[in-house]
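Coordinate analysis (summary)
The lines below spell out each chain.
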Amino acid sequence: MSVKLTMRQVGDVTVIDAAGRITLGEGSSAFRDSIKDLVSKGSRKMLLNLAEVSYIDSSGIGELVSGFTTVSNAGGSLKLLNLTKRIQDLLQITKLYTIFEVFDDEAAALATFQ
Amino acid sequence: MTDPANSSFTSIDQYLESSLDTVESTENRVLELAQQCGLPEEDAYQLGYAVREAVVNAVVHGNRYSANKKVHLLIRKQGSTLEIVVEDEGQGFDEQKQGDPLAEENLLAQSGRGLMIIRAFVDEVDIVRTEAGGTRVAMRKHLPATDAV
């Protein structure tokens, strides 16, 4: 199963509910294209909900970083929500915890955008 | 104490297409064998992940998806260790020339994390240049010993 991305708007924050696998190929390109599309349409506050993402390989991690950079360069911010234990471990190994803001409560995460 | 890997284990020695299908099928096969060998679920996940990264490197960076180049996959059990070797027919690479993915200036790089994760997820890794100039990645995971029943 590749990744499925569902967007919803909460105030001025775009919440991206992701499900499936973000891996080399279709999964990572779908994520990249969605982020670029959102930025081109004016979104600057994004919260990526990874609760239903079962797997991210290093290419997928690279796409998360690329998405972070794309949004940051546009003057916005991309934050992460509901990481599984395995994804938390990957962010620790890769030291990306120092880059991303990570939350396990959506309301709390949304509040930080205000 | 008994060897947890049962006698039905069959070594694998195959040459595979340089495609993303090979990445998926190899990861799935390793997960099956890891379970067969009695690896706990988390260890099996980590081994499958590491092998996936090695095969991605072989397909994408080594063989560059060439239809004329193969990925050599070797899976064997040696005592209480499961060894997976992934070899490509590319031009090789110098790991020393790779930037440190944990260096502050590299944290936002889009790629370059695969080998670091492989090292974190298996017990031993050897990366060498083959005689033909490609890259061979040998990964080993220790199997758990179980009491005889």
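Residues numbered from 1 in each chain as written. Chains lettered and ligands numbered in written order. Predicted model: local features only at pLDDT ≥ 70, side-chain atom pairs only at ≥ 80, totals over all residues.

1. Describing the sheet that holds strand β5 (residues 135-142) of chain B
Residue and element names in this part refer to chain B. In spatial order, the strands read β1-β2-β3-β5-β4; together these five strands make up an open sheet with antiparallel pairing. Two strands in the sheet have a free side with no partner beyond their single neighbour: β1 (12-17) and β4 (124-129). Neighbour-to-neighbour, the strand axes of this sheet turn through a mean angle of 15°, independent of strand direction. One ladder, built from seven bridges, connects strand β2 (residues 70-78) with strand β3 (residues 81-87); its direction is antiparallel. Bridging from a neighbouring strand, Leu 73 pairs with Val 86 of β3. Where helix α1 (residues 20-36) meets the sheet, it contacts β1, β2 and β3, and its direction lies at approximately 5° from that of β2. Lying on the sheet, helix α2 (residues 41-62) is in contact with β2, β3 and β5; it crosses β5 at an angle near 180°. (Pairing = 2+ DSSP bridges. Helix = DSSP H or I, 4+ residues; strand = E, 2+ residues; numbered from the N terminus. Axes fitted to C-alpha atoms, helices over the stretch in contact; angles between N-to-C directions. Contact = placed C-beta atoms within 7 Å.)

2. Some remarks on the packing of α2(B) against helix α3 (residues 114-121) of chain B
Residues and elements named next belong to chain B. As a packed pair, α2 and α3 sit with axes 9 Å apart at the nearest point and diverge in direction by 150°. The angle between α2 and α3 falls in the class roughly antiparallel. When the axes of α2 and α3 are compared, the crossing they make is left-handed. Where α2 abuts α3, its residues Gln 46, Leu 47, Tyr 49, Ala 50, Glu 53, Ala 54, Val 56 and Asn 57 lie against Gly 114, Ile 117, Ile 118 and Phe 121. Residues of the contact of α2 with α3, tallied by class, amount to eight nonpolar, three polar and one charged. (Parallel < 35°, antiparallel > 145°, perpendicular 65-115°, else oblique. Left-handed = near helix turned anticlockwise from the far one by under 90°. Nonpolar A, V, L, I, M, F, W, Y, C, P; charged D, E, K, R; others polar.)

3. Points about α2(B)
Residues and elements named next belong to chain B. Taking 1.5 Å of rise per residue, 22 residues should cover 32 Å, and α2 covers 30 Å from first to last C-alpha, within 8% of that figure. Judged by how many residues are buried, α2 sits mostly within the fold: 17 of 22 residues are covered. Immediately downstream of α2, the backbone of Arg 64 shows phi near 50°, a positive value. (Expected span 1.5 Å × (residues − 1). Buried ≥ 20, exposed ≤ 12 C-beta atoms within 10 Å, placed from the backbone.)

4. As for the environment of Leu96(A)
Here Leu96(A) lies in the loop between α3 (85-93) and β5 (102-103). Leu96(A) sits in the buried class, given 21 other C-beta atoms within 10 Å. Residues Leu96(A) and Ile61(A) lie 35 residues apart in sequence; the distance between their C-alpha atoms is 9.2 Å. Leu96(A) has contacts with Val65(A), Leu91(A) and Leu107(B), leaving out every residue within four places of it along the chain.

5. Looking at α3(B)
Listing the buried residues of α3(B) in full gives Gly114(B), Leu115(B), Ile117(B), Ile118(B) and Phe121(B). Mapping the buried residues of α3(B) onto a view down its axis gives an arc of 160°, with all of them on the same face. As for α3(B), its buried residues are in contact with α2 (58-73) and α3 of chain A together with α2, β4 and β5 of chain B. (Arc of directions from axis to C-beta.)

6. Considering the sheet that holds strand β3 (residues 45-56) of chain A
Strand pairing in a sheet relies on backbone hydrogen bonds, with the paired strands running either antiparallel or parallel. Residues and elements named next belong to chain A. Spatial strand order, β1-β2-β3-β4-β5: five strands in an open sheet with mixed pairing. Sheet topology places β1 (4-10) and β5 at the edges, where each strand pairs with a single neighbour. Here two bridges tie strand β4 (residues 77-81) to β5, and the two strands are oriented parallel to one another. Paired with Leu 81 across the strands is Phe 103, a residue of β5. Strands in contact with α2 are β2 (13-22), β3 and β4; relative to β4, the strand with the most contacts, it is inclined by about 140°.

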